[in-house]
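Residues per chain are reported as follows:
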Amino acid sequence: MAVADPIARLVKELAKLPGIGEKTAQRLAFHILKAGPAYASDLAGAIAGVVRDVRLCSTCQTLTDKDPCGVCADARRDSSIICVVEGVPDLLAIERTHEFRGRYHVLHGALSPLDGIGPSDLKIRELILRLEREPADEIVVATNPDVEGEATALYLTKLLKPLGVKVTRIAQGIPMGGDLEYADQVTLARALAGRREL
Ligand SMILES: [Zn+2]
């Protein structure tokens, strides 16, 4: 590359980000350079801070800078119902509906044998241990309505039902192959309200 080494180094790091190609990385690098030292320092600080300060909530496994997280610490939330989601963006999408007053459990993925993702790669063991500690009446499985999400829902049902907990699945309305994160609030609220027992 015909640019100074520090620029090449930044471009190389930026290009590792999802959706960022070499060209965009170069554009961003020049932008950062132009924006000046204060911005560069803020950006570097924010990046370092996110890795340093964000951890998993020991109860629900969401990303948080406080443990327990805001939802788990909120005594007004109904602890008898736990909504299981694949990722933090799904939790945020459901929170935006303002329809769900229970608690969450974040799996950090979905079962995908083809990609080598099995139960031990997800926060399933943490869910079981949590239920042993604080039993719930209902588990709402709100994984995505795609092959991996459905496989995960089936697996969880088989695992959880023998524990005597009611397992429900969010209703259709989220299109098959769709992504909870991008569902509009009304569709998502309806899917939650129309959940059925598994
Ligand atoms: Zn939590």
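Residues numbered from 1 in each chain as written. Predicted model: local features only at pLDDT ≥ 70, side-chain atom pairs only at ≥ 80, totals over all residues. Heavy atoms only, no water.

(A) View of helix α5 (residues 88-97). Those residues of α5 that fall on the buried side of the exposure criterion are Val88, Asp90, Leu91, Ala93, Ile94 and Thr97. For α5, the secondary structure elements touched by its buried residues are β2 (63-64), β3 (81-85), β4 (103-106) and α8 (185-193). Positioned one or two residues after α5, His98 has a phi angle of 60°, which is positive. (Buried < 20%, exposed > 50% of the residue type's maximum accessible area, 1.4 Å probe, protein only. Helix = DSSP H or I, 4+ residues; strand = E, 2+ residues; numbered from the N terminus. Contact = heavy atoms within 4.5 Å.)

(B) Geometry of the coordination of the zinc ion. Those protein atoms acting as donors to the zinc ion are Cys57 (SG), Cys60 (SG), Cys69 (SG) and Cys72 (SG), and they sit at 2.3 Å. Angles of 104 to 116° at the metal separate the 4 donor atoms of the zinc ion, which places the site in the tetrahedral class. Each donor residue of the zinc ion belongs to the same chain, and together they define the spacing C-x2-C-x8-C-x2-C. (Donors = N, O, S within 2.8 Å, 3.2 Å for Na, K, Ca; no water. Tetrahedral: all angles 85-135°; square planar, octahedral: opposite > 155°, others 65-115°.)

(C) The packing of α5 against α8, seen in detail. At a minimum axis distance of 9 Å, the contact between α5 and α8 shows a crossing angle of 90°. Classified by the angle between their axes, α5 and α8 sit roughly perpendicular to one another. For the pair formed by α5 and α8, the contact residues are Ala93, Ile94, Arg96 and Thr97 on the first element and Gln185, Leu188, Ala189 and Leu192 on the second. For the contact of α5 with α8, the class distribution of residues is 5 nonpolar, 2 polar and 1 charged. (Axes fitted to C-alpha atoms, helices over the stretch in contact; angles between N-to-C directions. Parallel < 35°, antiparallel > 145°, perpendicular 65-115°, else oblique. Nonpolar A, V, L, I, M, F, W, Y, C, P; charged D, E, K, R; others polar.)

(D) Region of the structure containing the pattern of salt bridges. A complete count under the given rule lists 7 salt bridges for this structure. The closest approach of N and O atoms between Arg76 and Asp74, which form a salt bridge, is 3.1 Å. A residue is classified by how much of its surface remains accessible, and Arg76, at 69% relative accessible area, is exposed. Overall, Asp74 belongs to the buried group, its relative accessible area being 16%. (Salt bridge = Lys/Arg side-chain N within 4 Å of Asp/Glu carboxyl O.)

(E) Quick look at the environment of Glu181. Its location among the elements puts Glu181 in the loop between β6 (166-169) and α8. When sequence neighbours within four positions are dropped, the list of residues in contact with Glu181 reads Pro89, Asp90, Ala93 and Arg96.

(F) Highlighting the pairing of strand β5 (residues 138-141). Alternating positions in β5 separate into two faces, Glu138 and Val140 on one and Ile139 and Val141 on the other, with burial throughout. When β3 meets β5, the two strands line up parallel, connected through 4 bridges. Bridge assignment links Cys83 to a residue of β5, and that residue is Val140. With 4 bridges joining them, β5 and β6 adopt parallel strand pairing. The residue of β6 that forms the bridge with Val140 is Thr168. Between the parallel elements β5 and β6, the chain passes through helix α7 (residues 147-160) in a crossover that is right-handed. (Pairing = 2+ DSSP bridges. Right-handed = clockwise from strand over helix to strand, strands pointing away.)

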